[in-house]
Number of protein chains: 2
Amino acid sequence: MTSLESSPHAVPGGAGPAKQIPPAAVARLTIYLRALTALLAEGVDRVSSESLAEASGVSPSTLRKDLSHVGSYGTRGVGYDVQYLNRHIAAALGLTHDWKVAIVGAGNLGRALARYGGFESRGFEVVAIFDADQMVVGSEVGWLRVSDAANLEPVLQRTGANMAVLALPAAVAQDVCDRVIAAGVRSILSFAPVVLQVPPGVNLRKVDMATELQILAYHAQRAQDPAGTD
Amino acid sequence: MTSLESSPHAVPGGAGPAKQIPPAAVARLTIYLRALTALLAEGVDRVSSESLAEASGVSPSTLRKDLSHVGSYGTRGVGYDVQYLNRHIAAALGLTHDWKVAIVGAGNLGRALARYGGFESRGFEVVAIFDADQMVVGSEVGWLRVSDAANLEPVLQRTGANMAVLALPAAVAQDVCDRVIAAGVRSILSFAPVVLQVPPGVNLRKVDMATELQILAYHAQRAQDPAGTD
DNA sequence: CGTTGTGAAATTCTTCACAGCG
DNA sequence: CGCTGTGAAGAATTTCACAACG
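Residues numbered from 1 in each chain as written. Chains lettered and ligands numbered in written order. Predicted model: local features only at pLDDT ≥ 70, side-chain atom pairs only at ≥ 80, totals over all residues. Heavy atoms only, no water.

1. Some thoughts on the sheet that holds strand β3 (residues 79-81) of chain B
Whenever strands of a sheet pair, they do so through backbone hydrogen bonds, lying parallel or antiparallel. Residue and element names in this part refer to chain B. The test is simple: Note: two strands are recorded as paired if DSSP finds a minimum of 2 bridges between them. Each helix is a run of DSSP H or I of at least 4 residues and each strand a run of E of at least 2, with the numbering of both proceeding from the N terminus.
The three strands lie next to each other as β1-β3-β2, forming an open sheet whose pairing is antiparallel. Unpaired on one side and paired on the other, β1 (46-47) and β2 (74-75) mark the two borders of the sheet. Two elements, β1 and β3, share two bridges in a ladder whose sense is antiparallel. Across the sheet, the residue bridging to V47 is Y80, located in β3.

2. Here we look at the relation of the copies chain B and chain A
Let me state the cut-off plainly: The superposition of copies rests on a least-squares fit of C-alpha positions from residues with pLDDT of 70 or more in both. Should any heavy atoms of two residues lie within 4.5 Å, those residues are considered in contact.
Its rotation angle being 180°, the transformation that places chain B on chain A also includes 0.0 Å of axial translation and leaves an RMSD of 0.1 Å. Look at the turn and shift together and you get a two-fold axis relating the two. Scanning chain B for the C-alpha nearest the rotation axis identifies L109(B), at a separation of 3.2 Å. Most of the interface of chain B is mirrored in chain A: 96% of its interface residues are interface residues there too.

3. Points about the protein's contact with DNA strand C
Inclusion rule: Proximity is defined per residue: if any heavy atom of the residue lies within 4 Å of a molecule or strand, that residue is considered near it. Counting of polar contacts relies on pairs of N or O atoms within 3.5 Å, with two restrictions inside protein: one atom must be capable of donating a hydrogen and the other of accepting it, and residues adjacent in sequence are counted only when both atoms are side-chain atoms. When residues are sorted by character, Ala, Val, Leu, Ile, Met, Phe, Trp, Tyr, Cys and Pro go into the nonpolar class, Asp, Glu, Lys and Arg into the charged class, and all the rest, Gly among them, into the polar class.
Close to DNA strand C lie 25 residues, the nearest being R28(A), T62(A), S49(B), R64(B) and Y80(B). When the atoms of DNA strand C within 4 Å of the protein are grouped by moiety, sugar and phosphate amount to 58% of the total. Within the side chain of S59(A), one N or O atom sits 3.2 Å away from a phosphate oxygen of DNA strand C. Between a base oxygen of DNA strand C and a side-chain N or O atom of R64(B), the distance comes to 2.8 Å. Elements supplying a minimum of two residues to the surface near DNA strand C: α1 (23-41) and α3 (60-70) of chain A together with α3 (60-70), β2 and β3 of chain B. No other element matches α3(A), which puts four residues into the surface near DNA strand C. Tallied by class, the residues present in the surface near DNA strand C amount to six nonpolar, twelve polar and seven charged.

4. Things to note about the UniProt feature "domain: CoA-binding" (unreviewed entry) in chain A
Worth spelling out the cut-off: UniProt positions are given in the numbering used here, feature names are shortened, and annotations may be inferred rather than shown by experiment.
Under the local residue numbering, the UniProt record ascribes the feature "domain: CoA-binding" (unreviewed entry) to residues 94-195 of chain A. With 28% helix and 28% strand, residues 94-195 of chain A has end C-alpha atoms that lie 27 Å from one another.

5. Side note on the UniProt feature "DNA-binding region" (unreviewed entry) in chain A
When the UniProt feature table is mapped onto this chain numbering, "DNA-binding region" (unreviewed entry) sits at residues 31-70 of chain A. Span residues 31-70 of chain A is 75% helix and 5% strand, its end C-alpha atoms 14 Å apart.

6. A look at the packing of aromatic side chains
Residues and elements named next belong to chain A. To keep things clear, this is the line we draw: Here is the rule: rings of Phe, Tyr and Trp (six-membered ring for Trp) pair when centre to centre is within 6.5 Å. Planes less than 30 degrees apart are stacked, more than 60 are edge-to-face, and the remainder are tilted. Exposure classes here rest on a 1.4 Å probe applied to the protein chains alone. A residue is buried below 20% of its type maximum, exposed above 50%, and partly exposed in between.
Scanning the model with the defined rule gives two aromatic pairs over all chains in all. Ring centres of Y73 and Y84 lie 5.7 Å apart, and the angle between their planes is 80°; on these two criteria the pair is classed as edge-to-face. Of the two residues, Y73 sits in the loop between α3 and β2 (74-75) while Y84 sits in helix α4 (residues 82-93), which places them eleven residues apart along the sequence. With relative accessibility at 23%, the residue Y84 sits in the partly exposed group.

7. Details of the packing of helix α8 (residues 209-224) of chain A against helix α4 (residues 82-93) of chain B
Put simply, the rule is: An axis is simply a line fitted to the C-alpha atoms; with a helix, the fit covers only the stretch in contact. Between two such axes, the angle follows the N-to-C directions and lies from 0 to 180 degrees. Every angle not falling under 35 degrees, over 145, or within 65 to 115 is termed oblique; those three ranges are roughly parallel, roughly antiparallel and roughly perpendicular.
Running from N to C, α8(A) and α4(B) point in directions that differ by 60°, and their axes come no closer than 7 Å. Of the possible angle classes, the one that applies to α8(A) and α4(B) is oblique. Mapping the contact onto sequence places Q214(A), A217(A), Y218(A) and Q221(A) in α8(A) and A91(B), A92(B) and L93(B) in α4(B). Class assignment of the residues belonging to the contact of α8(A) with α4(B) gives a composition of five nonpolar, two polar and no charged.

8. Concerning the protein's contact with DNA strand D
Within the structure, DNA strand D sits among 25 residues, and S49(A), R64(A), Y80(A), R28(B) and T62(B) are positioned closest to it. In DNA strand D, the atoms that sit within 4 Å of the protein are 58% sugar and phosphate, with bases accounting for the remainder. Between G77(A) and DNA strand D, the recorded distance is 3.1 Å, taken from a backbone N or O atom to a sugar or linking oxygen. Those elements that place two or more of their residues in the surface near DNA strand D are α3, β2 and β3 (79-81) of chain A together with α1 (23-41) and α3 of chain B. With four residues, the top contributor of residues to the surface near DNA strand D is α3(B). Among the residues forming the surface near DNA strand D, the class breakdown is six nonpolar, twelve polar and seven charged.

In structure tokens, the structure reads:
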């Protein structure tokens with residue numbers, strides 16, 4: 001397990017990097033992490049803020065400001081050690097924990113997510129997948145067997161799941177969401193095309209392809225219709 | 001600070017608001033659209049900014065400010081006509097056009113997206129799905145047949161696709177992205193876990209489940225570990 | 001009356017410019 | 001000398017408070 005105390009100069013002001021990172025920066029840190037991982041695979045040892053920024057699609061200023069929220073892990077005049085920076089960003093994001101993910105809904109999307117290799121690579125482990133359809137329950141997806149959604153609560157607790165991914169129809173999403181929360185899960189990623197209501201303390205994020213396409217449509221329309229000049 | 005001047009008073013029913021809408025507002029307008037559609041299905045005629053905001057998970061102030069970018073389509077003291085507002089937001093977002101979507105990659109995710117019913121409901125039509133694997137080419141997904149990725153360009157042009165959804169491995173994403181752009185597509189939604197470089201004028205959006213989970217992990221870690229145990 | 005629409009304030013985010021350090 | 005880290009400036013966004021209006 002990685003520890004933060006290898007840093008020679010301690011963080012001034014107290015015991016830990018408990019400082020909060022702006023949401024916009026957190027979102028981008030995950031991108032830097034991926035870029036760093038790619039560089040690592042290519043055998044690159046050092047990287048400058050300029051080239052890492054370009055690989056991440058952001059400006060160098062933004063990158064350096066974002067990294068400043070994590071700590072001072074670069075060397076002036078040289079750049080950043082790829083592996084060292086990678087490790088510290090991962091630590092700041094909480095990727096040293098083991099996150100156990102349950103996927104609720106074994107339809108096309110749920111199965112696609114369960115088989116998606118990107119999870120395991122960075123501390124996420126899919127520990128269960130559920131469906132309400134008895135035709136699907138018991139079938140194999142990847143190296144998991146589909147559990148009956150009726151047993152949601154006991155299976156969540158037995159597997160120790162602390163994150164849930166909802167890949168199910170809008171009509172049942174809120175109900176399942178409530179049950180997942182009642183079972184103790186406090187981090188939820190929803191693919192259901194509906195706004196979910198969650199109590200305070202529960203973290204919910206939403207991924208929605210219809211929304212994304214509509215945003216694209218807006219920009220495409222503006223580009224096509226040069227109505228801006230009046 | 002001379003920006004583009006717009007007409008002082010937007011006339012309802014006339015030429016649409018050519019003014020540009022802030023990106024953050026555009027993203028939320030799609031959510032209001034969905035909430036309004038749900039209300040319509042429930043037979044609700046009128047809605048106040050307060051209840052629509054709650055259904056959308058935003059504050060009433062934010063909602064009203066967002067709607068003000070679209071136009072003045074409410075009645076003071078009463079609220080908004082659901083159908084009327086719905087139609088005007090859709091128009092502002094460019095959802096009156098017919099958008100033809102091509103899905104590139106017929107793996108688990110690509111097939112899940114092709115079968116996802118949410119597209120057709122709002123002006124999006126999936127007109128083609130591609131894969132490079134000859135074992136998959138020719139098979140049926142929904143009511144489409146998988147085309148050979150080798151024929152990307154001619155099929156895109158024949159079907160008139162003006163949007164592309166990339167559901168393929170990181171390794172080939174940039175190459176396919178370049179080809180799709182060369183074929184004339186200027187709006188791309190990528191599910192590939194990689195940063196894609198696109199020329200100016202091309203609109204790219206990214207959906208990334210690994211990123212979303214990592215953001216959740218950050219917040220979950222903070223909630224669990226308020227005072228860092230060092 | 002009750003609710004919208006909107007200037008203005010408050011907050012957050014991005015960019016700039018350069019000091020500081022290897 | 002070159003690149004990082006950061007305070008300060010500049011933009012963008014959100015929130016507030018209330019005038020306008022049916």
